[in-house]
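As a plain string of letters, each chain reads:
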Amino acid sequence: MSVAAQRIDVAAGVLLRATDGAFLMSTRPTGKVCAGCWEFPGGKVEAGETVEQAIGRELHEELGITVQQVERWQVTEHDYPHARVRLHWCKVRAWQGDFEMREGQAMCWQTFPLTVTPILPGAYPVLQLLARERGASFSPVA
Ligand SMILES: Nc1nc2c([nH]c(=O)n2[C@@H]2O[C@H](COP(=O)(O)OP(=O)(O)OP(=O)(O)O)[C@@H](O)[C@H]2O)c(=O)[nH]1
């Protein structure tokens, strides 16, 4: 298999706010592919790391929080021109600490219908699942 064809494992966290079930989305920082697009916080799983460890590390690096509970949820795949990713989605319901946008990103708590755009296409399937769980719908804007 060529390097270009290899899938990159990514851990992404769906932080759920206890009070109203809103979920956190953040923008991709300047300098990354698709900068400014809204996504779920997370990043690549490093060699030797579990998905749970990767979520803990990424959410601490990006948002400054300490994750206390991680629930593996779904696995989806997406092909971009620059990368083929396998996304390991986890629900995160408990964390400690105040949010600090350590990479200069923006963050926003969301419910359906979403108010943020554009959204990273790799997040569409999980937004559709999340919407279905809540009896709502999510349709990506073409
Ligand atoms: N964090 C995150 N990544 C996503 C989502 N959806 C999606 O397709 N991806 C893809 O997953 C990959 C994540 O890589 P990344 O560049 O953010 O990871 P990282 O923070 O470890 O980056 P770096 O080590 O290159 O700085 C990107 O190709 C991104 O396009 C999502 O909702 N959240």
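Note: the structure precedes this text.
Cut-off values and rules
- Residues numbered from 1 in each chain as written.
- Predicted model: local features only at pLDDT ≥ 70, side-chain atom pairs only at ≥ 80, totals over all residues.
- Pairing = 2+ DSSP bridges.
- Helix = DSSP H or I, 4+ residues; strand = E, 2+ residues; numbered from the N terminus.
- Axes fitted to C-alpha atoms, helices over the stretch in contact; angles between N-to-C directions.
- Contact = placed C-beta atoms within 7 Å.
- Near = placed C-beta within 6 Å.
- Nonpolar A, V, L, I, M, F, W, Y, C, P; charged D, E, K, R; others polar.

Undergrad: So what's going on with the sheet that holds strand S7 (residues 107-110)? Which residues, and what values?
TA: Ordered by their spatial adjacency, 3 strands build an open sheet running S3-S2-S7, and the pairing between neighbours is antiparallel. Sheet topology places strand S3 (38-39) and S7 at the edges, where each strand pairs with a single neighbour. Two strands pair when backbone bridges link them, and strand S2 (residues 23-27) and S3 are joined in this way by 2 bridges, in the antiparallel orientation. Residue pairing in the sheet places threonine 27 in a bridge with tryptophan 38 of S3.

Undergrad: Explain the sheet that holds strand S1 (residues 7-15) to me, and be specific about the residues and the numbers.
TA: Read from one edge of the open sheet, 4 strands run S4-S1-S6-S5, paired in mixed fashion. Two strands lie at the open edges of the sheet, namely strand S4 (42-44) and strand S5 (66-79), each paired on one side alone. Between one strand and the next, the sheet's axes are offset by a mean angle of 20°, whatever the strand orientation. Sheet analysis places S1 next to S4, joined by 3 bridges and oriented antiparallel. Looking at S4, one finds that alanine 11 is bridged to glycine 43. Here helix H1 (residues 51-63) sits on the sheet in contact with S1, S4, S5 and strand S6 (84-96), set at roughly 105° to S5. Across the sheet, helix H2 (residues 124-133) is in contact with S1, S5 and S6; its angle to S5 comes to roughly 120°.

Undergrad: Just give me the short version of the environment of aspartate 98, but keep the residues and values in it.
TA: Of note, aspartate 98 is situated in the loop between S6 and S7. Taking the C-alpha atoms as reference, aspartate 98 lies 6.3 Å from isoleucine 65; in sequence the two are 33 residues apart.

Undergrad: Explain the site of the ligand to me, and be specific about the residues and the numbers.
TA: As a structural note, the neighbourhood of the ligand is formed by 17 residues, with Glu39, Gly42, Gly43, Lys44 and Gly122 the closest of them. When residues of the shell around the ligand are traced back to their parent elements, those giving at least two are S1, S4 and S6. Broken down by element, the shell around the ligand gets its largest block of residues, 3 residues, from S4. Among the residues forming the shell around the ligand, the class breakdown is 10 nonpolar, 4 polar and 3 charged.

Undergrad: Describe the pairing of S5, with residues and values.
TA: Taken together, the 11 bridges between S5 and S6 define a ladder with antiparallel strand orientation. Paired with valine 67 across the strands is tryptophan 95, a residue of S6. Linking S5 back to S6 in an antiparallel pair, the connection comprises 4 residues.

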